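One letter stands for each residue in the lines below.
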Amino acid sequence: MPVVSVPESRVVDRARTHRLYLLVITAIVLGLVFGLVEPTTAAKMKPLGDGFIKLVKMTIAPLIFCTVVGGIAGMKSMKAVGKAGGLAILYFEIMSTAALVLGLVIVNLVRPGAGMNVHPNAEDASAVARFTGAGHKLSTVDFLLDIIPDTFVGAFARGELLPVLVLALLFGFALHGTGERGQPILDLIERLGHVVFGIVGIIMYAAPLGAFGAMAFTVGQYGVGTLASLGELMACFYATCLLFVFGVLGVVARLSGFSIFRFVRFIRDELFIVLGTSSSESVVPRMMARLEALGASKPIVGLVIPAGYSFNLDGTSIYLTMAAVFVAQATNTPLDLWHQAELLGILLLTSKGAAGVTGSGFIVLAATLGAVGDVPVAGLAVILGIDRFMSEARALTNVVGNGVATLVVARWCNELDGERLRETLAAPGD
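Residues numbered from 1 in each chain as written. Predicted model: local features only at pLDDT ≥ 70, side-chain atom pairs only at ≥ 80, totals over all residues. Heavy atoms only, no water.

S.K.: Can you break down the overall build of the protein chain residue by residue, with the values?
M.R.: Across its full length, the protein chain holds 21 helices and zero strands. A total of 430 residues make up the protein chain; the buried ones form 55% of that total. A sequence separation of at least 24 residues applies to 86% of the contacts in the protein chain between residues at least 6 apart. About 18,000 Å² of surface is accessible on the protein chain, with carbon and sulfur atoms providing 66% of the total. (Helix = DSSP H or I, 4+ residues; strand = E, 2+ residues; numbered from the N terminus. Buried < 20%, exposed > 50% of the residue type's maximum accessible area, 1.4 Å probe, protein only. Contact = heavy atoms within 4.5 Å. Areas by Shrake-Rupley, 256 points an atom, 1.4 Å probe, with all protein chains shown as cover.)

As structure tokens, this is what we get:
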């Protein structure tokens, strides 16, 4: 079993994270109360949440680049990299399909949209277009071409994970091929990675402020009382996400030698940050450090986490099938088994294009319904007001799913320190 070395600067200080944990919880509660008491003012707090997410996203591209390049260039065998990537893609496909099917089954059993008798009109279509962006198109070809960066620097400027990952893979393979001559460059990249993690540590002090602003805006803008009529869909969706995490992922985790309950407890700080910001990308750097601390090797973490944010969005997959069928039920659109199978097949492709940022799931859903043609896209106006509230469950499920994926793939590749994993998860909570 390989010994995983996590630099001291990468290990999260327990006392500091405990304080952050309490501060973020407090900020979320204060944001909720502020949104209820002063909704007009609270709706103007959006820049606080957006600013925090932008600060974190600023570090993701260089962090992913340094981690992936360092991991690949530092490995002795390229065969190990190929094996890890292949197993990760296989796992992603299995779990994404399971999430899509679970959402489809639950929404057909519960039928939360039945009886709403919604008739979408031009105004509804206009509302959806404003939210998703006029002329937004999503196709498999466009998605694949977008993975290739226009320029070396452009991969970092776009702020998307997959172009950076492609560049990092090519750079890492090339650096590995240079042998000893590339060692100074590898050392420089490793040191740059430490600096980036230091920047992340500084940014995390703003997490409570970002969580407060995002929660205050959500409640102030959309209100809580307006959710009553759509509460059944929200309850159904949240329950399905919990079923997937503690049921499906729980079984996967148990077969891999750890408890999903202990894992969720271990990353609770990150989950509260996600809850406040509604963005799974806001904790990418911290999740990478936490997974290394659990015993997953640096190359595996560097490969699986960034790839998972485009290919393993379990929460988004559940949302896509449930929301699509809900709109069909609400608008009395016939959607038989064959059409639902067609919808599932298209979602297997389009769900891979959903980035882990707020609102991306709604955009992909609109594009998918447009491609299917059976369900009116304008019907999405029905769930437009509550999409932000469902984004929390999407993001939380995505984070847990990618964390479990990393540990599972690391175990399959014999790159997981099982003893460290058990000891760390068994340690009493802070």
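Text resumes after the structure shown.
S.K.: Which residues make up the packing of aromatic side chains, and what values go with them?
M.R.: Enumeration over the complete set of coordinates arrives at 12 aromatic pairs. Their ring planes at 20° and their centres at 5.9 Å tell us that Phe 34 and Phe 212 sit as a pair that is stacked. A residue pair is termed long-range when its members are at least 10 positions apart, and Phe 34 in helix α1 (residues 14-37) and Phe 212 in helix α10 (residues 207-222) qualify at 178 residues. Arranged with centres 5.0 Å apart and planes meeting at 20°, the rings of Phe 246 and Phe 261 form a pair that is stacked. Of this pair, Phe 246 sits in helix α11 (residues 231-255) while Phe 261 sits in helix α12 (residues 260-266); the two residues are 15 residues apart in sequence, bridging distant segments of the chain. On the basis of relative accessibility, which here comes to 32%, the residue Phe 246 falls in the partly exposed class. Aromatic ring contacts, followed pair by pair, group Phe 65, Phe 152, Phe 156 and Phe 171 into a single cluster. For the cation-ring pair, Arg 290 lies above Phe 266, with the distance from its terminal atom to the ring centre recorded as 4.2 Å. Here the guanidinium or amino end of Arg 394 rests over the ring plane of Tyr 319, the centre of that ring lying 4.1 Å away. (Phe/Tyr/Trp six-rings, centres within 6.5 Å; stacked < 30°, edge-to-face > 60°. Lys NZ or Arg CZ within 6 Å of the ring centre and 35° of its normal.)

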